[in-house]
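# Observations on chain architecture
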Amino acid sequence: MTAFDQVAAMSLLSIDRLSVAYEDSAKQPVQALQDVSLDIDAGELVVALGASGCGKTTLLNVMAGFLSPDAGQARFRGEAITGPDADRGVVFQNDALFPWLDVRSNVEFPLRVKDWPKRERADRVDYLLRMVGLSKVANQAIWSLSGGMQQRVGLARALANDPEVLLMDEPLGALDAITRQTMQTLILDLWGRTRKGIFLITHEIEEAVFMATQLIVMSPRPGRIVARKNLDFSRRYLSGEPARRIKSDPAFVATREEVLSLILDSQLDSDRAEGEKSATYITRPKIERLHAAHR
Ligand SMILES: Nc1ncnc2c1ncn2[C@@H]1O[C@H](COP(=O)(O)OP(=O)(O)OP(=O)(O)O)[C@@H](O)[C@H]1O
């Protein structure tokens, strides 16, 4: 294999046996991630799903370069990740938009930081605003926009530098159900057009199953990947099948139920492990044992 072939075969973003521990307020270690491995290729949409505290944000922070792992490696295009980089764009749930700037200036901000010439900056921002459907509100104040529109500004801003990977931490978490569905399809349309690698965190099982090409289910204490599934519902959407028809397809409903069971089982296992460590809590396993004793 030539050096060129090796680069071509390499994952865009690669996580290898990653572990991260924090300290809690009593200085006790909290194992946020343990032995997590994951590859994200160009054009792939990886979705992380799991109960609160299973380490999803910690994983994203390592990928973004905001946090260093205690063990294992995070690589981007084969190089160790040592800090944030414009090639990895980040979108958060309540994206920190600048309220004193209008929509255009918010999206333009990363390009100003990089000293783009004025004319090119304007063209790029026009393109991005068209892509997320915000051209008509370009000069409006941020506070005058709905939550969904603000989220689209955050998305356009994250795309400004044309990153190769988008890292999205519950980007749709604060939106109402209808806006959320519209945003799901908007993100899929953008993904289909740009073929970026995307890592997206969500708590919504239906959203995860609909959007993912690779779905990972994580479990807490310690944060691990307990299941992986390759899915093609988002590719079906991009081939023209309506989102509502996909979501009511028996294959989709069955996958959604299977993923729900995986999450409930991993939660039960983790509760059981916690229960064995602590005698003071009445855990589900203990309740099960009590029931068994009285049967
Ligand atoms: N800075 C920190 N100091 C101590 N513990 C932390 C810190 N950040 C996260 N943790 C703990 O690490 C674990 C993983 O947290 P993380 O935020 O990565 O999980 P998550 O799956 O993203 O949760 P959520 O879905 O609630 O956002 C949790 O137990 C959390 O309390």
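This is a predicted model, so every value here is computed, not measured.

## As for the nonpolar core
One finds V47, A156, F199 and L215 to be the most contacted residues of the largest nonpolar core, which totals 68 residues. Built from parts of two domains, this core gets at least three residues from each of domain 1 (3-84 + 167-176 + 196-263) and domain 2 (88-162).

## Comments concerning the site of the ligand
Surrounding the ligand, one finds 13 residues, the nearest of these being Y22, A32, S52, T57 and T58. Those elements that place two or more of their residues in the shell around the ligand are β2 (29-40) and α2 (56-64). Residue contributions to the shell around the ligand peak at three residues, all from α2. Of the residues contributing to the shell around the ligand, the split by class is four nonpolar, seven polar and two charged.

## Observations concerning helix α5 (residues 147-159)
Relative to the 18 Å expected for 13 residues at 1.5 Å per residue, α5 spans 19 Å between its end C-alpha atoms, a close match to the ideal helical length. α5 sits mainly inside the fold: 10 of its 13 residues count as buried. Among the residues of α5, Q150, Q151, R152, V153, G154, L155, A156, R157, A158 and L159 are the ones counted as buried. In this structure, the buried side of α5 is in contact with β6 (88-91), α3 (103-113), α4 (118-131), β7 (165-169) and α6 (177-194).

## So, α6
Each full turn of the α-helix corresponds to 3.6 residues, which orients residues three or four apart in the same direction. Over its 18 residues, α6 extends 26 Å from the first C-alpha to the last, a length consistent with the 26 Å expected when each residue adds 1.5 Å. Here α6 has its buried residues at R180, M183, Q184, I187, L188 and W191. One face of α6 carries all of its buried residues, which in axial projection span an arc of 140°. With respect to the buried face of α6, the exposed residues turned more than 90 degrees away are I178 and R193. Where the residues of α6 are buried, they touch β3 (45-50), α5, β8 (197-202), α7 (205-211) and α8 (233-238). Of the residues trailing α6, R195 is marked for its positive phi of about 55°.

## Looking at the sheet that holds strand β5 (residues 79-80)
Reading across from one edge, β2-β1-β4-β5 is the order of the four strands in this open sheet, with antiparallel pairing throughout. Whereas interior strands pair on both sides, the edge strands pair on one side only; in this sheet they are β2 and β5. Pairing of strand β4 (residues 71-76) with β5, which is carried by two bridges, proceeds in the antiparallel orientation. Across the sheet, residue R75 finds its bridge partner in β5, namely A80.

## A few points about the pairing of β3
β3 sits mainly inside the fold: six of its six residues count as buried. On β3, burial covers both faces: L45, V47 and L49 on one face and V46, A48 and G50 on the other are all buried. Of the pairings in the sheet, the one linking β3 to β8 comprises five bridges and is parallel in character. Looking across to β8, one finds that V46 is bridged to F199.

## Let's talk about the domain arrangement of the protein
Here the domain parsing of the protein yields domain 1 (3-84 + 167-176 + 196-263) and domain 2 (88-162). Between domain 1 and domain 2, the residue contacts involve 12 residues of the former and 10 residues of the latter. Mapped onto the side of domain 1 that touches domain 2, the elements with two or more residues apiece are α2 and β7. Looking at the side of domain 1 that touches domain 2 element by element, the count peaks at three residues for β7.

## Observations regarding the environment of G147
Structurally, the position occupied by G147 is in helix α5. Distance from G147 to L175, taken between C-alpha atoms, is 6.4 Å for residues 28 residues apart in sequence. When near neighbours in sequence (up to four residues on either side) are disregarded, G147 contacts A174, L175 and T179.

## What about the packing of α3 against α5?
Describing two packed helices takes the angle between their axes plus the distance from one axis to the other. Where α3 meets α5, the closest approach of the two axes is 7 Å, and the angle between their N-to-C directions is 30°. Considering the angle they form, α3 stands roughly parallel to α5. Along this stretch, α3 crosses α5, giving a crossing that reads as right-handed. Contacts between α3 and α5 pair V103, N106, V107, F109 and P110 from the former with V153, A156 and R157 from the latter. In the contact of α3 with α5, the residues fall into six nonpolar, one polar and one charged.

The rules we used
- Residues numbered from 1 in each chain as written.
- Predicted model: local features only at pLDDT ≥ 70, side-chain atom pairs only at ≥ 80, totals over all residues.
- Core = buried A, V, L, I, M, F, W, Y, C linked by C-beta atoms within 7 Å.
- Buried ≥ 20, exposed ≤ 12 C-beta atoms within 10 Å, placed from the backbone.
- Domains from an automatic or database assignment.
- Near = placed C-beta within 6 Å.
- Helix = DSSP H or I, 4+ residues; strand = E, 2+ residues; numbered from the N terminus.
- Nonpolar A, V, L, I, M, F, W, Y, C, P; charged D, E, K, R; others polar.
- Expected span 1.5 Å × (residues − 1).
- Contact = placed C-beta atoms within 7 Å.
- Arc of directions from axis to C-beta.
- Pairing = 2+ DSSP bridges.
- Axes fitted to C-alpha atoms, helices over the stretch in contact; angles between N-to-C directions.
- Parallel < 35°, antiparallel > 145°, perpendicular 65-115°, else oblique.
- Left-handed = near helix turned anticlockwise from the far one by under 90°.

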